[in-house]
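Per-entry structural report
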Amino acid sequence: MLHHIEIYVSNLKQTTDFWGWFLEELGYSSYQKWEQGHSWKLGETYIVFVKVEDRFKAPSYHRCRVGLNHLTFHAKSRQQVDEMTNKLLEKEIRILYPDKHPFAGGEHYYAVYFEDPDRIKVELVAPE
């Protein structure tokens with residue numbers, strides 16, 4: 001079981017605004033908060049976002065470089081994927097692969113793909 005993930009971000013306010021509502025919709029609770037970071041927890045696993053030091057901001061994140069490609073979360077149902085897709089659109093968050101949505105991962109893979117403020121790809125997938 002995963003214990004925690006820590007992600008450095010360029011703008012903590014934008015990141016916590018983006019991730020806070022999303023994680024809380026999935027059942028996570030705000031866990032730790034300090035001047036340079038914020039975490040959310042579900043069960044024994046937590047996700048931490050920490051503001052990167054200015055000296056480490058460049059080059060910016062890109063998922064095709066060495067390192068993290070994307071984060072995928074479980075949805076409870078296809079209905080939850082649809083509801084979250086609508087909330088993303090209401091928040092003017094761009095849906096990736098809109099021409100293939102919600103089957104961009106294949107005909108039996110029901111998901112929504114989008115990016116956080118630092119362009120980390122995020123996926124929410126329904127059970128098969």
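Remember, predicted model here, so these are calculated numbers, not experimental data.

Another point: the overall build of the chain. Within the chain, the secondary structure is distributed over two helices and seven strands. For the chain, the proportion of its 128 residues judged to be buried stands at 41%. Within the chain, contacts between residues at least 6 apart in sequence are counted, and of these 56% link residues at least 24 apart. Total accessible area on the chain is roughly 8,000 Å²; 51% of this is exposed by carbon and sulfur atoms. Counting 16 positive and 19 negative side-chain charges, the chain places the averaged centre of each group 4 Å from the other.

Our focus in this paragraph is the nonpolar core. Ranked by size, the top nonpolar core spans 28 residues in total, and within it Trp 19, Phe 22, Leu 23, Phe 49, Phe 73, Phe 114 and Leu 124 carry the most contacts. Counting residues per element, the ones that place at least two in this core are strand 1 (4-9), helix 1 (12-25), strand 4 (45-51), strand 5 (70-74), helix 2 (78-90), strand 6 (111-115) and strand 7 (121-125). The leading source of residues in this core is helix 1, at six residues. If near-sequence neighbours (up to four positions away) are discounted, Leu 23 is found in contact with Tyr 28, Trp 40, Ile 47, Phe 49 and Phe 73.

Before going further, it helps to examine the packing of helix 1 against helix 2. Their axes nearest at 12 Å, the elements helix 1 and helix 2 cross at an angle of 160 degrees. By the angle between their axes, helix 1 is roughly antiparallel relative to helix 2. Note that helix 1 runs across helix 2; the crossing there is right-handed. Facing helix 1, whose interface residues are Trp 21, Phe 22 and Glu 25, helix 2 presents Gln 80, Met 84, Lys 87 and Leu 88. A breakdown of the residues in the contact of helix 1 with helix 2 according to their chemical character gives four nonpolar, one polar and two charged.

Conventions and cut-offs
- Residues numbered from 1 in each chain as written.
- Predicted model: local features only at pLDDT ≥ 70, side-chain atom pairs only at ≥ 80, totals over all residues.
- Heavy atoms only, no water.
- Helix = DSSP H or I, 4+ residues; strand = E, 2+ residues; numbered from the N terminus.
- Buried < 20%, exposed > 50% of the residue type's maximum accessible area, 1.4 Å probe, protein only.
- Contact = heavy atoms within 4.5 Å.
- Areas by Shrake-Rupley, 256 points an atom, 1.4 Å probe, with all protein chains shown as cover.
- Lys, Arg positive; Asp, Glu negative; His and termini not counted.
- Charge placed at Lys NZ, Arg CZ, Asp CG, Glu CD.
- Core = buried A, V, L, I, M, F, W, Y, C linked by side-chain atoms within 4.5 Å.
- Axes fitted to C-alpha atoms, helices over the stretch in contact; angles between N-to-C directions.
- Parallel < 35°, antiparallel > 145°, perpendicular 65-115°, else oblique.
- Left-handed = near helix turned anticlockwise from the far one by under 90°.
- Nonpolar A, V, L, I, M, F, W, Y, C, P; charged D, E, K, R; others polar.

That's the geometry; what it means functionally is another story.
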